[in-house]
Amino acid sequence: MKPIQTASTSVVETALSCDLRAHHSIQATLDTIVNLRRRPGPGPGERLPHNFLKHADEQTVVGLAAVLEAIHHSGLSETDFTNWGIVAAPSFLGRATLVGALQRFEAEGAWGISPHFIPHRSQHAVSGTISQVLKVHGPNFGTGGAPGSGAEALLAGAVLLEGNRLPGVWVVMSDWEPELIPDETGRPAPADAICHATVLALVPPRPGWQGPRLRITLPGRGESPEFDASKSLKSIAGLGALLQIFSHEIIPLTVTWQFEGGGCVELRRGASIVNPPKWITLERRNARNRAEVTQGGAGTENQR
Amino acid sequence: MSQGTAVWITGVGAVTPLGHAYDTIADNLLEGRSGVRRVSIFDIAQHPSQIAAEISAIPCPPGWDEEEFAGLHKLEQVILWCCTTALRDSGWWEQRGSTRVGLVLGLGAEWLIIWDADFRRGGKRVFSQEKDAEPLIFRTRRKLGLKGPGITVSAACASGNYALAQARRWLELGWVDVCLAGACDAGVTTLGQAGFGNLRALSRRNGDPQAASRPFDRGRDGFVLGEGGAIFVLEPAESARQRSAHVYAQVAGCGAASDAHNMVIPSPDPEPAIAAMRQALADARLEPASIDYINAHATSTPVGDIAEAHVLEAVLGEAVHSVPVSSTKSMTGHCLTAAAAVETLACLIAMERRAIPPTINLHEPDPECNLCHVPNTARPMPVHVAVSNSFGFGGSNTCLVLKAV
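What you are looking at is a predicted structure, and each value in this text was computed from that prediction instead of being measured.

### A few points about the domain arrangement of chain B
All names here are of chain B.
And step 1. When its domains are assigned, chain B resolves into domain 1 (7-243) and domain 2 (252-403).
And step 2. Centre-to-centre separation of domain 1 and domain 2, based on C-alpha positions: 20 Å.
And step 3. Of all the secondary structure elements, the ones that give two or more residues to the side of domain 1 that touches domain 2 are strand 1 (7-15), helix 1 (22-31), helix 6 (159-173), strand 6 (178-185) and strand 7 (228-236).
And step 4. Residue contributions to the side of domain 1 that touches domain 2 peak at 7 residues, all from helix 6.
And step 5. Of the residues assigned to the side of domain 1 that touches domain 2, the class counts are 32 nonpolar, 18 polar and 8 charged.

### So, the packing of helix 1 (residues 30-38) of chain A against helix 2 (residues 58-73) of chain A
All names here are of chain A.
And step 1. For the pair helix 1 and helix 2, the least separation of the axes is 10 Å and the interaxial angle reads 65°. The angle between helix 1 and helix 2 places the two elements in the roughly perpendicular class. Every pair of crossing elements has a handedness; the one defined by helix 1 and helix 2 is left-handed. Contacts from Ile-33, Leu-36 and Arg-37 in helix 1 reach Glu-58, Val-61, Val-62 and Ala-65 in helix 2.
And step 2. When grouped by side-chain class, the residues that make up the contact of helix 1 with helix 2 number 5 nonpolar, no polar and 2 charged.

### Topic: the domain arrangement of chain A
All names here are of chain A.
And step 1. In terms of domains, chain A is made up of domain 1 (4-17 + 215-303) and domain 2 (20-203).
And step 2. Each partner contributes residues to the interface: domain 1 has 13 residues there, and domain 2 has 20 residues.
And step 3. Ranked by the residues each element gives to the side of domain 1 that touches domain 2, the list is headed by helix 7 (residues 236-248), at 5 residues.
And step 4. Looking at side-chain class alone, the side of domain 1 that touches domain 2 contains 10 nonpolar, 2 polar and 1 charged residues.

### With respect to the packing of helix 9 (residues 271-284) of chain B against helix 10 (residues 302-316) of chain B
All names here are of chain B.
And step 1. It is at 9 Å that the axes of helix 9 and helix 10 come closest, and there the two elements cross at 45°. Compared by their axis directions, helix 9 and helix 10 come out oblique. The two elements helix 9 and helix 10 cross, and the hand of that crossing is right-handed. Within the contact between the two elements, helix 9 uses Ala-273, Ile-274, Met-277 and Arg-278 and helix 10 uses Val-311, Ala-314 and Val-315.
And step 2. For the contact of helix 9 with helix 10, the residue count by class is 6 nonpolar, no polar and 1 charged.

### Concerning the pairing of strand 9 (residues 264-269) of chain A
Residues and elements named next belong to chain A.
And step 1. Among the 6 residues in strand 9, 5 count as buried, and that is most of the element.
And step 2. Note: strand 7 (residues 212-217) against strand 9, 6 bridges, orientation antiparallel. The partner of Thr-217 across the bridge, within strand 9, is Cys-264.
And step 3. Here strand 8 (residues 254-258) pairs with strand 9 via 5 bridges, running antiparallel.

### Describing the interface of chain B and chain A
And step 1. Counting residues at the interface gives 59 residues for chain B and 56 residues for chain A.
And step 2. Broken down by secondary-structure element, the contributors of at least two residues to the side of chain B that touches chain A are helix 4 (110-120), helix 5 (136-144), strand 5 (150-154), helix 6, helix 7 (190-198) and strand 8 (249-258) of chain B.
And step 3. Among the elements that make up the side of chain B that touches chain A, the one with the highest residue count is helix 7 of chain B (8 residues).
And step 4. As judged from the 2 bridges shared by strand 4 (residues 140-143) of chain A and strand 5 of chain B, these two strands associate in the antiparallel manner. Bridge pairing links Thr-143 of chain A to Val-153 of chain B in strand 5 of chain B.

Thresholds applied
- Along each chain, residue indices are assigned from 1 in the same order as the chain's sequence is written.
- Chains carry letters from A onward and ligands carry numbers from 1 onward, assigned in written order.
- Confidence filtering applies because this is a predicted model: local features only for residues at pLDDT of at least 70, side-chain atom pairs given and counted only at 80 or more, and all residues used for totals across whole chains, interfaces and linings.
- In this entry, domain limits derive from an automatic or database-based domain assignment.
- The numbering of helices and of strands both runs from the N terminus, where a helix is a DSSP run of H or I of at least 4 residues and a strand a run of E of at least 2.
- Put simply, Ala, Val, Leu, Ile, Met, Phe, Trp, Tyr, Cys and Pro go in the nonpolar bin, Asp, Glu, Lys and Arg in the charged bin, and everything else, Gly too, in the polar bin.
- Orientation is described by lines fitted to C-alpha atoms, with helices fitted over the stretch in contact, and by angles between N-to-C directions that extend from 0 to 180 degrees.
- The labels follow the angle: roughly parallel below 35 degrees, roughly antiparallel above 145, roughly perpendicular from 65 to 115, and oblique for the rest.
- Note: crossing handedness is left-handed where the near helix turns anticlockwise from the far helix by less than a right angle, and right-handed where it turns clockwise.
- Residue pairs are scored as contacts if the distance between their C-beta atoms, which are placed from the backbone, is within 7 Å.
- Residues with at least 20 other C-beta atoms within 10 Å of their own are called buried, those with 12 or fewer are called exposed, and the rest are partly exposed. The C-beta atoms themselves are positioned from the backbone.
- At least two bridges found by DSSP between two strands are what make those strands a pair.

Here it is in structure tokens:
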């Protein structure tokens, strides 16, 4: 992937583009995660030791399951992922387990803390676990940590793909909706909370690609656009729903999310010129299975 | 600016168990002083490992409200001190609001640390999402008034190297004019001490804290928890030249590879770590023999130190007997997410002071770690090329090459 030099009215802006080779979203309740923990998915997921995910966080399990399904459904089953990279952005990872750990510490002291707690609840745990399953020897790291950091994950993934000249990068985003917050007895609540994971396989841009393409830009020198939080990528579920639309409908749509610092991530269909683009507002609470498409503001295309 | 254009380090801010000012840290590293003590910030009596390299109170940076700063969590204090000091050191402090200053911050588990600390004070933040709206990366950008993008990177001990690699690329792409990059951690906590202790990763040499962290020594029995952080100002060489800025070094090469083996145990296959080192050297267009100093990851665990020694043998070849290697974790402890950044600082100090910091407590080198050690006393010599290895949980292997300018 090569940087694209784009002349605008006053500045020279450098953008990164990458194709979305595969994507998948999974929504799972605590009950269904029990099953995914035993059998997270097809292909490599069927060959894992039975206790491989025993200590893994729920977001790790669901993120891995989404990657395995994406591979299965996108014709990537024979792909060698050795040199790929992984960037994962779980949200509030380990909250539920921490409550139990704190309570055990109160009751039993230092010996009550599981040695698996830190390795599986640190922000790198999702990417590290997936790297083992896919036998990825390229870079892997975590990013974000809270809702709204999806765009940063895409930024980090695109930079990794381009800067390290990798064949592909998995970007794995996950969260709970509503947030899984144990009560003071340690029981996870609400019981019907849903863990969402949306994964994207980014690859370098290819000529003629008709599928979704990401483009990441940052403002040029002298520009200081205001960050509008309503245009940030807040909902993992909403992103998944949006990608479904891109997959099944040929629609002239460009979606742009901002991140703090004035840059933006643009999602559109490859090899298509779209004008005018549309803002997509994805309301976190209402986005389980649908994306609200609203016309408003101006996309990056017609600002240049 | 394009890939291959030089990126220089022009500012440094750090909090370490050896001090919070560059000169103090440099003096202590080169004097071979240990920052390891019996843990004092919480009741340690029931823990298997009772020692750590804690940081002392962090002074309020100039320009900040002292009362407000004192009320912040230690992790946030570390970040703000490091960022402020680095920006001031580089000369960008006054221009930070009118320049595109990016921030790439290595953080490993900010929410766990903050929820844990709050719970111990009787708080209930872990039970409510209401107060968790703003992550530290956004708070830091806002408090510093930065205009560029910000992201966190988390690769356990390797986070700092990933942060510098990402920041360097942002600069090469022209996305930022200046970028703060590094990593911070405040991992000396009850959970940290208990979790790593029960993992049997920590030294139990409780009766002799300052001798506990002994990388490459036959008597090593685990690592010692440390904490702190280091943040660097990176900018294009052209910009630094125009400003006549003080330059610490060039970020010349970065390499990264994953073990794909285990979340905790180093891979018996040294190839991924070898690949990370070779990538970094190739990126810097340097041969192994041109390395003047290697700051090893070497944490003082029986397995990890040997694994790294085998990696160094493979990468250096004949030069393994002539390229000096030390582990400054013998003095700072293992600063976890901050480790790579703190060790980048150790490399800069070696370059600037023309002396290699030692591995202290190295009295009987493990014969399986047959390297050109710098035991116990700093070695005066010019350092033009320094290499810093950092290998983290999650199977992350990273290598950073720094070149004198």
